[in-house]
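# Structural features, examined
These are the residues of each chain, in order.
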Amino acid sequence: MTQENPGAPLLDAIAAQQHQIIQCQFPNPVCGPGQALVRVRLAGDVPAWVSAQAARNTDGTILGRDIVGVIAEVSSDAPAGVRERLRRARVVCSPHIACGLCDMCRAGVSQHCREGGTMGTMGVPGSMAETVAVPWRNLTIVPDGMPDEVALLAGPLARALHAARMIRMEGKVYVTVLGDNLAALLAVQTIARLNATVRLLGWRPEAFGRAERWGVQHRHADEVGRRRDQTVVVDCVGSSRSLDLALGMLRPRGTLILAAEPAPGATPDLTPVVRGELEVLGASHGSVADALPLLVSGQIDTTGLIEVRTRPSEAPRLLSRGELLYVAVEF
Ligand SMILES: [Zn+2]
């Protein structure tokens, strides 16, 4: 028996804007082996990411990566201790789904699972539904007292934290975070705990006010020269413009960390990589279990980062506004 998926209207609206009307039906999620059913309280994601995925998800996959919810069921094959610990627990979920069986998973790097995928990308159901089925190993219990809207940001923070940990940030002169999206705002706060020279370069003045409040240096990206004096640049944008700027700012043998997937058609000039013998590192998935302690301790300020909290009926319109940092949807 199937019922209309509550996430489907989001997909329809976003897809319709791109002139592809997609109708989709999903069965109620079933709690398969190794899985738990989570009754979603808040789902969320970055609108720019959602729009990009809506264009790619030609199979009608439910969108969204981040969840806060309450456990409704845990697979009977889970150890008794796990079932007891998760019973009716409030949880967040790492959105990267791994098989647990391939050579990468067996080697302890399940973020590079051969069969893996990310929630809300083609073929892997996302978070924007009333109930989701996810591997119980991906779940982390939210500490008592933490508001849902703070816990929801454990997903984006995990990605920022992973980028910040790609290399040792302490003692590096100088470090730049490029961008004014949520990833950049979380990455710069994370790195500021390790390196006081970090600065935020962006194009939107709203981001500068936040950096000011956190005591982080900030400049408009168009005001800085390409002096080849930065040891590390973390590009959270992935456009041709940001990549060219990042490569032009790095000192010889400097490190570019790509914390965003390059936009389709982004064609940076890679000559500086060769001439400057630059190191380029990609940063993909992080762990929500690693991110939660930073939220608990208050080391990361999440005030105002969820710009909109809305109902499913309003979500399609708001998720299509690419300038918003983050949208949370109540289910
Ligand atoms: Zn695997």
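Along each chain, the written sequence defines residue order, and numbers are assigned to residues from 1. Only residues with pLDDT of at least 70 are given local features in this predicted model, and only at 80 or more are side-chain atom pairs given and counted; all residues enter the totals for whole chains, interfaces and linings.

## Considerations on the nonpolar core
Under the definition applied here, buried Ala, Val, Leu, Ile, Met, Phe, Trp, Tyr and Cys residues are grouped into a nonpolar core through C-beta atoms within 7 Å. Partly exposed residues are those whose C-beta has more than 12 but fewer than 20 other C-beta atoms within 10 Å; 20 or more makes a residue buried and 12 or fewer makes it exposed, with C-beta atoms placed from the backbone. By size, the foremost hydrophobic cluster in this structure holds 90 residues, and its most contacted members are L157 and A187. The secondary structure listing takes helices from DSSP runs of H or I that are at least 4 residues long and strands from runs of E that are at least 2 residues long, numbered from the N terminus. Examining the composition of this core, we find that 9 residues originate from one element, helix α7 (residues 182–192), more than from any other. Bear in mind that the domain bounds are from an automatic or database domain assignment. Here this core spans two domains, and each of domain 1 (2–152 + 306–330) and domain 2 (159–282) adds at least three residues to it.

## Some details on the domain arrangement of the chain
For the chain, the assigned domains are domain 1 (2–152 + 306–330) and domain 2 (159–282). Between the C-alpha centres of domain 1 and domain 2 the distance comes to 29 Å.

## Here we look at the sheet that holds strand β15 (residues 279–282)
An order of β12-β11-β10-β13-β14-β15 is seen for the 6 strands of this open sheet, with the pairing classed as parallel. Each edge of the open sheet carries a strand with a single partner, namely β12 (217–220) and β15. Each adjacent strand pair in this sheet contributes to an overall mean axis angle of 20°, direction not counted. Should DSSP find at least two bridges between two strands, the strands are regarded as paired. Pairing of strand β13 (residues 230–235) with strand β14 (residues 250–258), which is carried by 5 bridges, proceeds in the parallel orientation. Across the sheet, the residue bridging to D235 is L258, located in β14. Under this scheme, a helix contributes an axis fitted over its contacting stretch, all axes are lines through C-alpha atoms, and angles between N-to-C directions fall in the 0 to 180 degree range.

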